[in-house]
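One letter stands for each residue in the lines below.
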Amino acid sequence: MNPSQKKIFFAADAHLGNRYLDEPLAAEKKLVRWLDHIKHDAQAIYFLGDMFDYWYEYKYVVPKGHVRFLGKLAELSDQGIEIHLLIGNHDIWMFDYLPKEIGAVIHQGPLTVDLLGKRFFLAHGDEVGEQRPGFRFLQALFRNKICQFLYAGIHPRWTFRFALHWSLNSRKKGISNRPAHCVQPADYLIKYAMKYLQIHPDICFFVFGHCHAMLDMNLTPETRLLVTGEWMTHFSYIQWDGNLLELKKF
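One structure accompanies this document, and this report is about it. (Residues numbered from 1 in each chain as written. Predicted model: local features only at pLDDT ≥ 70, side-chain atom pairs only at ≥ 80, totals over all residues. Heavy atoms only, no water.)

## Examining the pattern of salt bridges
- Considering all chains together, one arrives at 8 salt bridges under this definition.
- The partner of Asp-36 in a salt bridge is Lys-39, and the shortest N-O contact between them spans 3.2 Å.
- Linking Asp-216 and Arg-224 is a salt bridge whose minimum nitrogen-to-oxygen distance equals 2.8 Å.
- Its relative accessible area of 39% is what places Asp-216 among the partly exposed residues.
- Salt bridges sharing common partners tie together Asp-36, Lys-39, Lys-72 and Glu-75. (Salt bridge = Lys/Arg side-chain N within 4 Å of Asp/Glu carboxyl O. Buried < 20%, exposed > 50% of the residue type's maximum accessible area, 1.4 Å probe, protein only.)

## With respect to the sheet that holds strand β10 (residues 236-240)
- Across the sheet, which stays open at both edges, the 6 strands sit in the order β4-β3-β2-β1-β10-β11 with mixed pairing between neighbours. Edge positions in the sheet fall to β4 (105-107) and β11 (245-249), since each of these pairs with one other strand and no more. For this sheet, the mean angle separating the axes of adjacent strands, direction not counted, is 20°.
- Where β10 meets β11, 5 bridges bridge the pair, whose relative direction is antiparallel. Note that in β11 the partner of Ile-238 across the bridge is Leu-247.
- Sitting on the sheet, helix α1 (residues 24-38) touches β1 (7-11), β2 (42-47) and β10, and the angle it makes with β2 is about 150°. (Pairing = 2+ DSSP bridges. Helix = DSSP H or I, 4+ residues; strand = E, 2+ residues; numbered from the N terminus. Axes fitted to C-alpha atoms, helices over the stretch in contact; angles between N-to-C directions. Contact = heavy atoms within 4.5 Å.)

## Let's talk about α1
- Across its 15 residues, α1 extends 22 Å between first and last C-alpha, which sits within 8% of the 21 Å expected from 1.5 Å per residue.
- Among the residues making up α1, those that are buried are Ala-27, Glu-28, Leu-31, Val-32, Trp-34, Leu-35 and Ile-38. End-on, the buried residues of α1 take up no more than an arc of 155°, which puts them together on one face. (Expected span 1.5 Å × (residues − 1). Arc of directions from axis to C-beta.)

## Here's the deal with the sheet that holds strand β6 (residues 118-123)
- The sheet built from 5 strands is open, its strands ordered β5-β6-β7-β9-β8 with mixed pairing. Two strands bound the open sheet, and with one partner strand each, they are β5 (111-115) and β8 (214-220). Along the sheet, successive strands turn relative to each other by an average axial angle of 20°, direction set aside.
- Pairing geometry for β8 and strand β9 (residues 223-228), over 6 bridges, is antiparallel. Across the sheet, Asp-216 pairs through a bridge with Leu-226, a residue of β9.

## Topic: the packing of aromatic side chains
- Enumeration over the complete set of coordinates arrives at 26 aromatic pairs.
- Both rings, one in Phe-120 and one in Trp-240, keep their centres 5.7 Å apart while their planes meet at 65°; by these two values the pair is edge-to-face. Taken together, the residues span a long stretch of sequence, with Phe-120 in strand β6 and Trp-240 in strand β10 at a distance of 120 residues.
- On the basis of relative accessibility, which here comes to 1%, the residue Trp-240 falls in the buried class.
- Joined through ring pairs, the aromatic side chains of Phe-9, Trp-34, Trp-231, Phe-235, Tyr-237 and Phe-250 make up one cluster.
- Against the face of Phe-235 rests Lys-30, its NZ or CZ located 3.9 Å from the ring centre. (Phe/Tyr/Trp six-rings, centres within 6.5 Å; stacked < 30°, edge-to-face > 60°. Lys NZ or Arg CZ within 6 Å of the ring centre and 35° of its normal.)

## A short note on a nonpolar patch on the surface
- On the surface, Ile-146, Phe-149 and Leu-150 cluster together into a nonpolar patch covering about 380 Å² of accessible area.
- The residue Ile-146 is located in helix α5 (residues 145-152) in this model. (Patch = residues over 30% accessible without salt bridge, like charges linked within 9 Å, V, L, I, M, F, W, Y side chains within 5 Å. Areas by Shrake-Rupley, 256 points an atom, 1.4 Å probe, with all protein chains shown as cover.)

What follows is the structure, encoded as structure tokens:
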């Protein structure tokens, strides 16, 4: 690798603002320390969804909190580092605030991109593969423009309370009774990637979040699949330097 060539980083599932960690602020501060750690090597950072436990942008209102993380992203963006945010199932409603305020690029779905000479397929992970019909129904509902417009008419006092309470209950239920697709966390992602490769054999790396699992496996001799883990207990990320793709912990 050329010494001047910068690295690409991937992370997902920080769930900032959640109510189920004992010290959520400590997790945010650790995330910021990681960003400081990589900023001199980073060409671009791809956040693969659910960096916020809940995010909804009203026209004049955005969620409170996350100031250390958002401030650090603004600093990195000002230094010329590309900041990419893929929406997850917890932060679907990112619109124009982050692009305007910190220069981030928002991706509303899976992304195929060439990075340092290799082709990557990037996605949060909830939007691909086989999912329960109820999950797909809610996903379609949350992404519907009319439903988003009607939801925006409700006072934030009620929408934020409802969303955070729902997330807390889902997390508690998930700990004791993991959803079927996460019993073997990446099974459905592996099946999807293998099927996708039949049509797009040029993909070198599939990178996903969502399952809160760390995984690095070969799909074929030429193609790997990685799952990022999360930033609540694993504090894990993926680093690409043009030659080596590594799943690491901070």
